[in-house]
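Per-entry structural report
Listed below, chain by chain, are the residues.
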Amino acid sequence: MFKQTVLEPTLGRSFVTLTSDFNFDGSTQPLTFKILNLRTYDNKPAPELENVFEVKSWQELYTGNETSLKEIEDKRVTTSNRLFEIRSHSGQFVMRSEANSNLIRCQPDSGYVFDVEVSNAGGSKFISGMRLKPFRQLPYEPNRFDRLTGQVTSGAITPGLVSNVFGESRGGRLSESDVNIIFLKTGNGNSLTFKFLDTIQKPIDPHKFDLTKWATLVHGFDMQLSDTAVKYSVAYPIPLLTQYPTKYTNSAGTMAHAEISWDRMGFGNQRLLAQILFDFAIYEKGDWQIIFWFKRDNPRFTDG
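Residues numbered from 1 in each chain as written. Predicted model: local features only at pLDDT ≥ 70, side-chain atom pairs only at ≥ 80, totals over all residues. Heavy atoms only, no water.

1. What about the sheet that holds strand 7 (residues 93-95)?
To summarise the sheet geometry, strands pair through backbone hydrogen bonds and adopt either a parallel or an antiparallel arrangement. Strand order in this open sheet of 3 strands is 2-7-6, and the pairing throughout is antiparallel. Of all strands in the sheet, those bounded by a partner on one side alone are strand 2 (15-16) and strand 6 (84-86). In terms of strand pairing, strand 6 meets strand 7 through 3 bridges, oriented antiparallel. Residue pairing across strands places E85 opposite V94, the latter belonging to strand 7. (Pairing = 2+ DSSP bridges. Helix = DSSP H or I, 4+ residues; strand = E, 2+ residues; numbered from the N terminus.)

Encoded structure:
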């Protein structure tokens, strides 16, 4: 039996259930799994899940050590597959990242119902009435979108940590709530740009964040560091694999990990290391900007 009988993947990103989700319970292996009777909750055909589409898949292992966009893309190949399927011998359910709400029913719709045939040399068993209830795609994380409607909700996106950052005019330490982060898509290419804005939304020179390791901030190439922005050529999604830690991700490998840092001498001739840490993911290909807006006070870079 499956431990999960209701699957709720988020569209637009790869979803694979764990091998431990099926209880083999001493069954003679190998087992063969097959999805049967896939239909909508109101018992209509679901050709969107039966038909095949062009999808991207890895033919070589992504390591995080690739040195060009071409090297990454050469490791991926376009194949024809269903958007939702079960792996025939592991029993893992797969929802491919090419699935989106223009094709697939998503919540608050009741979604889909299906059965699974599990067979081995001794015969077959049927598991009936399993559910597939996807959530609509979200282009990035963290975000302010309602999962059901896709509408923007109140509140702001903020960094995970703001440490030893002092205000320039008002003084005192800035907190996470003093820095708003804005995701902005400007085109359909393959780039990621970081920008920093002061309180009146004028650009802050990225060079001032002088301890930031720009060359390895993200797994990007052809870095362009100017007085107003830092731009990279990148492959999407970011991160490229889920739950695969690299030097560009958090420890779980679920999000990209960006560290913005600089230092200055504070009162008492004490060296202060200022840091802004932000974990994020972008699932939709494009020319994206991540903008750090210091809305309450500008960060101090000078000593004193």
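2. What about the sheet that holds strand 14 (residues 220-225)?
The 5 strands are arranged 12-18-13-15-14 in an open sheet whose pairing can be described as mixed. One side of each edge strand has no neighbouring strand; the edge strands of this open sheet are strand 12 (179-187) and strand 14. Within the sheet, the average angular offset between the axes of one strand and its neighbour, ignoring direction, is 20°. As paired strands, strand 14 and strand 15 (residues 230-234) are joined by 4 bridges and run antiparallel to one another. Within the sheet, the bridge partner assigned to F221 lies in strand 15 and is S233. (Axes fitted to C-alpha atoms, helices over the stretch in contact; angles between N-to-C directions.)

3. Concerning the packing of aromatic side chains
Enumeration over the complete set of coordinates arrives at 23 aromatic pairs. Ring geometry for F84 and F114: centres 5.5 Å apart, planes at 65°, overall edge-to-face. One end of the pair, F84, is in strand 6; the other, F114, is in strand 8 (residues 112-120), and 30 residues separate them in sequence. Measuring from centroid to centroid gives 6.3 Å for F194 and F280, while their planes differ by 75°, and the two rings are edge-to-face. Within this pair, whereas F194 is found in strand 13 (residues 191-197), its partner F280 is found in strand 17 (residues 270-282), the two being separated by 86 residues in sequence. With respect to class, F194 is no different from F280; both count as buried. Its guanidinium or amino end placed over the ring of Y283, R13 lies 3.7 Å from that ring's centre, counting from NZ or CZ. (Phe/Tyr/Trp six-rings, centres within 6.5 Å; stacked < 30°, edge-to-face > 60°. Buried < 20%, exposed > 50% of the residue type's maximum accessible area, 1.4 Å probe, protein only. Lys NZ or Arg CZ within 6 Å of the ring centre and 35° of its normal.)

4. Focus on the nonpolar core
Core analysis: the biggest nonpolar cluster contains 35 residues, and F183, L192, F194, F280, I290 and F292 have the highest contact counts within it. If you list the elements that add at least two residues to this core, you get strand 12, strand 13, strand 15, strand 16 (256-266), strand 17 and strand 18 (287-294). With 5 residues, the single largest contributor to this core is strand 17. Non-local contacts of F292, meaning those with residues more than four positions away in its chain, are made with V179, N180, I181, F194, K195, F196, L197, I260, I276 and F278. (Core = buried A, V, L, I, M, F, W, Y, C linked by side-chain atoms within 4.5 Å. Contact = heavy atoms within 4.5 Å.)

5. Details of unusual backbone geometry
Peptide bonds are mostly trans, and most non-glycine residues show a negative phi. Omega for the bond connecting Q107 with P108 falls within 30 degrees of zero, at 15°, which places this linkage in the cis form. You can see P108 is positioned in the loop between strand 7 and strand 8. P239 follows I238 through a cis peptide bond whose omega is -10°. Structurally, P239 can be placed in the loop between strand 15 and strand 16. Even without being a glycine, N164 presents a positive backbone phi close to 55°. Looking at the secondary structure, you find N164 in the loop between strand 11 (161-163) and strand 12. The residue D222 is not glycine, and still its phi comes out positive at about 55°. Locating D222 in the fold gives a position in strand 14.

6. Quick word on the pairing of strand 8
Of all the 9 residues making up strand 8, 8 are buried; the element is thus mostly covered by neighbouring parts of the structure. Looking at chain direction, strand 3 (residues 32-40) and strand 8 are connected through 7 bridges and run antiparallel. Note that in strand 8 the partner of T40 across the bridge is Y112. In textbook terms, the turn of a hairpin is the stretch between consecutive antiparallel strands, and for strand 8 and strand 9 (residues 123-132) this stretch comprises 2 residues.

7. Structural notes on the environment of T40
Among the secondary structure elements, T40 is positioned in strand 3. Each C-alpha atom of the pair T40 and K208 lies 55 Å from the other, and the pair is 168 residues apart in sequence. If sequence neighbours within four positions are ignored, T40 has contacts with P45, A46, R105, G111, Y112 and V113. A polar contact of 2.4 Å, which involves the side chain of T40, links it to the side chain of D42. (Polar contact = N/O pair within 3.5 Å; in protein donor to acceptor, adjacent residues only side chain to side chain.)

8. So, the side chain of S191
Tracing the backbone shows S191 in strand 13. Taking the relative accessible area as the measure of exposure, S191 reaches 7% and is therefore buried. Among the polar contacts made by the side chain of S191, one reaches the side chain of D287 at a distance of 2.6 Å. Setting aside residues up to four positions removed in sequence, S191 forms contacts with K231, Y232, S233, V234, Y236, G286, D287 and W288.

9. Observations concerning the environment of V94
Structurally, the position occupied by V94 is in strand 7. On a C-alpha basis, the gap between V94 and S14 in space is 7.5 Å, while along the polypeptide they are 80 residues apart.

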